[in-house]
Amino acid sequence: APGYTGDLYCRTCRDFVEWGHYILPLDHTYVDGTCTGCGGKDPDYVKLVEFSGMTMTLGNSLAANFVINTALLEGSDHYAVITKTYADGMQPVSVTIPQSDWKVYSGKLYYFTFTGVNAKEMTDEFTVIVYNHWGEQVSVTYTRTIEDYCYGLITKEEAKAAPDPERLALYTDILNYGAAAQDFFTYNTGNLANQRLT
């Protein structure tokens, strides 16, 4: 809060000597809604919801599914905006998915999907944000590629005491398929989906 130094008077005769001056409030630096200086709470702070992750659906085309814990969102009037940024500079595409169209998995997870992803687009970025019905952002901004997802699966499998060679082969084949499609269509060939494979 702002302050005031107080006015100065003579201690002996009580005559006025000097006016005081106002003190500006200290700057507050907030971490998770709490000031690191005074410990006060930011009344406007909203903790942004973290995504649980991303999955992929294989079919005639690929689909990217984004997952969020049901317990982290109060109410049923949210919506998700998924923006796909193309590596070739084509105009990004956004889809808005109301919460009523989200699927529920195991009663604990919401997921919503961006469909129609071509194999050559495994290195294109998806950016996902969840908003409440007032249009306020309630989730972190989550950015992923299908390539990232596949490498995450490989890393997770390799960390196991007994990695499954069939799973590793599947994830590797998906990345090789994406890279082959990039080569065939001459799409983002400077950033092939399989370039991190060893």
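Worth saying up front: this structure is predicted, and the values here are computed from it rather than measured.

A. Representation of the overall build of the chain. Counting secondary structure elements, the chain contains two helices and 14 strands. Against the 2.2 N^0.38 benchmark of 16 Å for 198 residues, the chain shows a C-alpha radius of gyration of 26 Å, more extended than a compact globule. Along the first, second and third principal axes, the C-alpha atoms of the chain reach 95 × 45 × 40 Å. Within the span of the chain, comprising 198 residues, buried residues form 33% of the whole. Sequence-distant contacts, at least 24 apart, represent 48% of the contacts inside the chain between residues at least 6 apart. In the form shown here, the chain has an accessible surface area of approximately 12600 Å², with 53% of it arising from carbon and sulfur atoms. With 13 positive and 24 negative side-chain charges, the chain shows a spacing of 6 Å between the two charge centroids.

B. Quick peek at the sheet that holds strand β7 (residues 53–57). Pairing within the open sheet is antiparallel, and its four strands lie in the order β7-β8-β12-β11. Edge positions in the open sheet fall to β7 and β11 (103–105), since each of these has one partner strand only. Shown here is a sheet whose adjacent strand axes are inclined to one another by a mean of 35°, direction ignored. Where β11 and strand β12 (residues 109–117) come together, three bridges link them in antiparallel fashion.

C. Summary view of the pattern of salt bridges. Evaluated as defined, the whole model comprises six salt bridges. A salt bridge links Lys 84 to Asp 124; its shortest N-O distance comes to 3.0 Å. Of the two residues, Lys 84 is situated in strand β9 (residues 79–85) and Asp 124 in the loop between β12 and β13 (125–131); the sequence distance between them amounts to 40 residues. You'll find Lys 84 and Asp 124 in the same group, each marked buried. Salt bridges sharing partners connect three or more residues here, namely Lys 84, Glu 121 and Asp 124.

D. Seen up close, the environment of Ile 174. On the secondary structure map, Ile 174 appears in helix α2 (residues 165–185). Ile 174 sits 40 residues away from Trp 134 along the chain, and the two C-alpha atoms are 40 Å apart. Residues in contact with Ile 174, not counting those within four places in the same chain, are Met 56, Leu 58, Met 122 and Cys 150.

E. Local environment of the environment of Lys 160. For Lys 160, the position within the fold is in the loop between α1 (146–158) and α2. What makes Lys 160 partly exposed here is its relative accessible area of 41%. Once the C-alpha coordinates of Lys 160 and Tyr 110 are considered, the two residues, 50 residues apart in sequence, prove to be 27 Å apart.

F. Region of interest: the pairing of strand β8 (residues 62–69). With respect to burial, β8 is a largely interior element, seven of its eight residues being buried. With five bridges connecting them, β7 and β8 associate as antiparallel partners. Counterpart to Gly 53 in the pairing with β8 is Val 67. Here seven bridges tie β8 to β12, and the two strands are oriented antiparallel to one another. Its bridge partner being in β12, Asn 65 is matched across the sheet by Thr 113.

About the criteria used
Residues numbered from 1 in each chain as written. Predicted model: local features only at pLDDT ≥ 70, side-chain atom pairs only at ≥ 80, totals over all residues. Heavy atoms only, no water. Helix = DSSP H or I, 4+ residues; strand = E, 2+ residues; numbered from the N terminus. Rg over C-alpha atoms; globule rule 2.2 N^0.38 Å. Buried < 20%, exposed > 50% of the residue type's maximum accessible area, 1.4 Å probe, protein only. Contact = heavy atoms within 4.5 Å. Areas by Shrake-Rupley, 256 points an atom, 1.4 Å probe, with all protein chains shown as cover. Lys, Arg positive; Asp, Glu negative; His and termini not counted. Charge placed at Lys NZ, Arg CZ, Asp CG, Glu CD. Pairing = 2+ DSSP bridges. Axes fitted to C-alpha atoms, helices over the stretch in contact; angles between N-to-C directions. Salt bridge = Lys/Arg side-chain N within 4 Å of Asp/Glu carboxyl O.

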